[in-house]
Amino acid sequence: MSSPEGLDSAGSSADRSLRLETIAARSGRSIDPQTGAVTLPIHLATTFGREPDGSYPNGFVYGRLANPNRQALERAIADLEGGADAAAFSSGMAAVTAVAQTLRPGDRILVPEDCYHGTIAMLDQVMGPWGLGLVPVAMTDPRAVATALANEPAIQLVWLETPSNPRLDITDLAAIVQAAHAVGVRCLCDNTWATPILQRPIALGVDWVLHSSTKYLSGHSDVTGGVVVAAQADEPFDRLRQIQQLAGAVPSPFDCWLILRSLQTLAVRMAAHCAGARQVAEFLAHHRAIDQVLYPGLASHPGHTIARSQMADFGGMISVLVQGDRSRALAVAGHCQLLTRATSLGGTESLIEHRASLEGPTSRTPDNLLRLSIGLEHPDDLIADLSQALAQV
Ligand SMILES: *Cc1c(COP(=O)(O)O)cnc(C)c1O
């Protein structure tokens, strides 16, 4: 990616010595050479002027191909993930689609049993008729993955999501990468739930990292976006860049500006999300109306040891299995007054969701599961709200 003057982020990939908090706080920020502005202006222009000799002095040609705000955002996220380059999209699902389109009809993807329902629905229902195949596997079991890789033909990509949505399964990234690379298969990790502050899949050997930047990266429930970060600026990434530029599912300059602004507070937001979630999870784990708390920070979670080794902290997402049936779970959500009943995650406001209702008839999520996104409120206020809601069922 060409990097025009004045758009280099502090802590660009050239400087690996800076810590993540520093890279996040300074990402994409530098003095605008024309005005002295400390914040990158929003460049709404869709087209860029040529020199008399026909050249483009700053490398920008046309808004779909590249834009200064998108380029700054891509650089910042690539730096945070420790990748070589990144491609930003208009949604997380547009990023998923673009990745699928880098494959060929007949290729297959090894997918986890628990995974964001939209990802599986898109790969299956949209890319299936186009010729892409899916092979579900117990991704938390590296031996099952190695067996599938040895026996199933035409697998070109392993799709990882850890912690997974909505069951918070933990996958051993290094172990799966080793099994996949041994047979020449690439790995992608959807890192939406952990963010690069808590988990850096590229450092563990993963080839591509994907985000719904709608969630923690933007962090305020006001932007839809997606991004793919590549460990190497190699031929598969060139293909992805080509799909981004030709298919054109690109984010607006303003959306890029908003996400870049949010990255500056990502490290402090994640610390607060994690601290709040830990307290809420402890409270729920001891509540008699809750059968099970799915939170990798709890020692009782089957993925706790692996999560400890590959994550800096355990994140802001919790799922619980309410004692009883669907109606009991819905009633708990219904009695919440502070937690907002809504889908999505990663915002400043805490959300509670009966996940199976949103996922619809193909859902494999237990009917008594509630998913919580812990926001930035004081954890005691959240615990008081959950306590009164649980007392009523
Ligand atoms: C939300 C989400 C997506 C989809 O992203 P959109 O921005 O909604 O298109 C993909 N993966 C995970 C893990 C998500 O939570």
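Residues numbered from 1 in each chain as written. Predicted model: local features only at pLDDT ≥ 70, side-chain atom pairs only at ≥ 80, totals over all residues. Heavy atoms only, no water.

It is worth spelling out the overall build of the protein chain at this point. Counting its regular elements, the protein chain contains 14 helices and twelve strands. For a compact globule of 393 residues, the expected C-alpha radius of gyration is about 21 Å, and the protein chain comes in at 21 Å, within 12% of that figure. Projected onto its principal axes, the C-alpha positions of the protein chain cover 75 × 50 × 40 Å. Within the protein chain, buried positions represent 52% of all 393 residues. Within the protein chain, residue pairs in contact and separated by at least 24 positions form 70% of the contacts whose partners lie at least 6 positions apart. With the model as given, the accessible surface of the protein chain reaches about 16,200 Å², and the carbon-plus-sulfur share is 51%. Of the side chains in the protein chain, 28 bear a positive and 39 a negative charge, and the two mean positions are spaced by 1 Å. (Helix = DSSP H or I, 4+ residues; strand = E, 2+ residues; numbered from the N terminus. Rg over C-alpha atoms; globule rule 2.2 N^0.38 Å. Buried < 20%, exposed > 50% of the residue type's maximum accessible area, 1.4 Å probe, protein only. Contact = heavy atoms within 4.5 Å. Areas by Shrake-Rupley, 256 points an atom, 1.4 Å probe, with all protein chains shown as cover. Lys, Arg positive; Asp, Glu negative; His and termini not counted. Charge placed at Lys NZ, Arg CZ, Asp CG, Glu CD.)

Turning next to the nonpolar core. In this structure, Leu110, Val158, Leu284, Ile318 and Leu372 are the most contacted members of the largest nonpolar core, which totals 88 residues. Broken down by element, this core gets its largest block of residues, eight residues, from helix H10 (residues 266-285). Discounting chain neighbours no more than four positions away, the residues touching Leu284 are Ile290, Val293, Ile318, Val320, Leu372, Leu386 and Leu390. (Core = buried A, V, L, I, M, F, W, Y, C linked by side-chain atoms within 4.5 Å.)

Turning our eyes to something else, we now look at the packing of H10 against helix H14 (residues 379-391). The N-to-C vectors of H10 and H14 enclose an angle of 30°; their axes lie 9 Å apart at closest approach. With respect to H14, the element H10 is oriented roughly parallel. Here H10 and H14 pass one another in a crossing that is right-handed. Of H14, the residues touching H10 (which contributes Gly276, Gln279, Val280, Phe283 and Leu284) are Pro379, Asp380, Leu382, Ile383, Leu386, Ser387 and Leu390. (Axes fitted to C-alpha atoms, helices over the stretch in contact; angles between N-to-C directions. Parallel < 35°, antiparallel > 145°, perpendicular 65-115°, else oblique. Left-handed = near helix turned anticlockwise from the far one by under 90°.)

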